[in-house]
Amino acid sequence: MKTTETPLDSKRIVSVDFFRGLAILGVVLTHCLIYGVFYSTANALATVPIGLLAVLSPIVLISPMAGLFAFISVTANTFTALRRFENGSSAKNVIQPLLLTSTVLIVFHFVFSLLLKNSSASMFDPNETLDTLIPASIRQSEWILPKFENLLFMDALAMIAISGFTAAAVIAILLKRKPPRERVLRILAIIGFTSAVLSPYIWYLFWIPFEYFYHAEGVLRLLSIPLSFFAARMHCLPGIFPFIIFGLWFGVLLHYKPTYAEVRQKTRPLALASLILLIVFVGVKLLFTLGRETAVGAFFEKAGLITAVAENSPDVLTGKIGNAFLDYKTLPTGFQFFGAVLIFWG
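Residues numbered from 1 in each chain as written. Predicted model: local features only at pLDDT ≥ 70, side-chain atom pairs only at ≥ 80, totals over all residues. Heavy atoms only, no water.

**A word on helix α10 (residues 237–255)**
Working step 1: An ideal rise of 1.5 Å per residue puts 27 Å on 19 residues; α10 measures up with 25 Å between its terminal C-alpha atoms.
Working step 2: Directly beyond the C-terminal end of α10, a positive phi value near 50 degrees is found at K257. (Helix = DSSP H or I, 4+ residues; strand = E, 2+ residues; numbered from the N terminus. Expected span 1.5 Å × (residues − 1).)

**Details of helix α6 (residues 133–140)**
Working step 1: The set of residues buried in α6 consists of L133, P135, A136 and S137.
Working step 2: S141 sits one or two residues past α6 and shows a positive phi near 55 degrees. (Buried < 20%, exposed > 50% of the residue type's maximum accessible area, 1.4 Å probe, protein only.)

**A closer look at the confidence of the model for the protein chain**
For any part of a model where pLDDT is low, the fine detail of the predicted coordinates should not be relied upon.
Working step 1: Across the protein chain, pLDDT averages 75, with 70% of residues at or above 70.
Working step 2: Predicted confidence for residues 289–346 stays below pLDDT 50, and this span has 153 contacts to residues more than four positions away or in other chains. (pLDDT = per-residue confidence, 0-100. Contact = heavy atoms within 4.5 Å.)

**Considerations on the pattern of salt bridges**
Working step 1: This structure, assessed with the given rule, holds four salt bridges.
Working step 2: Among the salt bridges present, the one from D131 reaches R139, with a minimum N-O distance of 2.9 Å.
Working step 3: One salt bridge in this structure joins E182 and R181, with 3.0 Å as the shortest N-O distance.
Working step 4: The exposure class assigned to E182 is partly exposed, which follows from its relative accessible area of 35%. (Salt bridge = Lys/Arg side-chain N within 4 Å of Asp/Glu carboxyl O.)

**Quick word on unusual backbone geometry**
Working step 1: The backbone phi angle of K178 is positive, close to 50 degrees, even though this residue is not glycine.
Working step 2: Mapped onto the elements of the fold, K178 is located in the loop between α7 (156–177) and α8 (181–214).
Working step 3: Judged by its relative accessible area of 56%, K178 falls in the exposed class.

**Concerning the environment of L237**
Working step 1: Following the sequence through the fold, L237 ends up in helix α10.
Working step 2: Its relative accessible area of 14% is what places L237 among the buried residues.
Working step 3: The sequence separation of L237 and I202 amounts to 35 residues, and the corresponding C-alpha distance is 9.8 Å.
Working step 4: If we ignore the near neighbours within four places in the chain, the residues touching L237 are I162, T166, F229, F230 and I244.

**Brief notes about the packing of α8 against α10**
Working step 1: For the pair α8 and α10, interaxial distance at closest approach is 7 Å and the crossing angle is 170 degrees. In terms of orientation, α8 and α10 fall into the roughly antiparallel class.
Working step 2: For the contact of α8 with α10, the per-class residue count stands at 18 nonpolar, three polar and one charged. (Axes fitted to C-alpha atoms, helices over the stretch in contact; angles between N-to-C directions. Parallel < 35°, antiparallel > 145°, perpendicular 65-115°, else oblique. Nonpolar A, V, L, I, M, F, W, Y, C, P; charged D, E, K, R; others polar.)

**Digging into the nonpolar core**
Working step 1: M123, I171, F210, L248 and W249 are the most contacted members of the largest nonpolar core, which totals 65 residues.
Working step 2: With 12 residues, α10 is the single largest residue contributor to this core. (Core = buried A, V, L, I, M, F, W, Y, C linked by side-chain atoms within 4.5 Å.)

**Describing the packing of α7 against α10**
Working step 1: At a minimum axis distance of 10 Å, the contact between α7 and α10 shows a crossing angle of 45 degrees. By the angle between their axes, α7 is oblique relative to α10. Classified by chirality, the crossing of α10 by α7 is right-handed. Contacts between α7 and α10 involve M159, I162, S163, T166, A167, V170, I171 and L174 on the former and, on the latter, L237, I240, F241, I244, L248 and V252. (Left-handed = near helix turned anticlockwise from the far one by under 90°.)

**A word on the packing of aromatic side chains**
We describe a pair of aromatic rings using the distance from one ring centre to the other and the angle between the two ring planes.
Working step 1: On inspection of all chains with the given rule, the structure shows 13 aromatic pairs.
Working step 2: With 4.0 Å between their ring centres and 10 degrees between their planes, F124 and Y214 make a pair best called stacked. Placement of F124 in the loop between β1 (120–121) and β2 (129–130) and of Y214 in helix α8 is noted, with a sequence separation of 90 residues between them.
Working step 3: For Y214, a relative accessible area of 10% corresponds to the buried category.
Working step 4: Every member of this aromatic cluster is reached through a ring pair, and the members are F124, F148, W203, Y204, W207, F210 and Y214.
Working step 5: Over the ring of Y256 we find R181, and its NZ or CZ is 5.3 Å from the ring centre. (Phe/Tyr/Trp six-rings, centres within 6.5 Å; stacked < 30°, edge-to-face > 60°. Lys NZ or Arg CZ within 6 Å of the ring centre and 35° of its normal.)

As structure tokens, then:
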């Protein structure tokens, strides 16, 4: 391949299409593992040998597939917005479609959460089941109204919407200030890595007021809805923020039509840094969670991963694994993000 050839020589960006396909296959795989293998202890043990469970468990733990969708969405939006602005569109006309699309997705998210979402366990009481209107009413042959907490779960629609709002804010700043490309890439890389490392602590700072206002009385309880975007399970902002930032990073890079050699020059240091930080994450947890004397062969059993995956319903799966591995409730972000960067740029 010639070094002067660029990723934009064809009508489509092949690397983005590749990541999109990888994300789709990965989501199918992880959902098959969650619902097909690890749905219950009996099912897990009857489906595959215990040794294979130890191999499959971390796939669910470090799978970055949800973050891939945020990364892909923001990369495409950033590249398109910068190209439209370069071709003469105003900043307002560039940003408005992003905001409109994200708003529509948020509306659909709340409708889906109240009407169609599958039953799930409460974030605050694992013994409580949250039902939505249509599935629960069909099952019980009577109208079952959804609970307030149904509004607080962050699904894939909410994740893409949050990504869009965040990207729109950053793109608006870039269009207004027009900083040099190298400075933008450097700042975004620093923010991306820093947010990945600090995300569990940022998440916990939001979890405290989120839980407080959820249990509050009257109108104050409504404040837990905006806080859910920062503290609820699965796809809240602290967990996906590094993917958003590096989606912006990659979109900015592609906008300047780099050659493949330039792409490799920019991305390989990120992959190396990700590998180092991933090893540090794992090493620290081995030392402080499992003890210095822990044998590698006993790692999964002592970490509680097999038990955490096999003995819980899918809706509390993420929280249990997060507790076992990272000592916080729902965001194994460091593993997911640094593993994802290795996939992106390794």
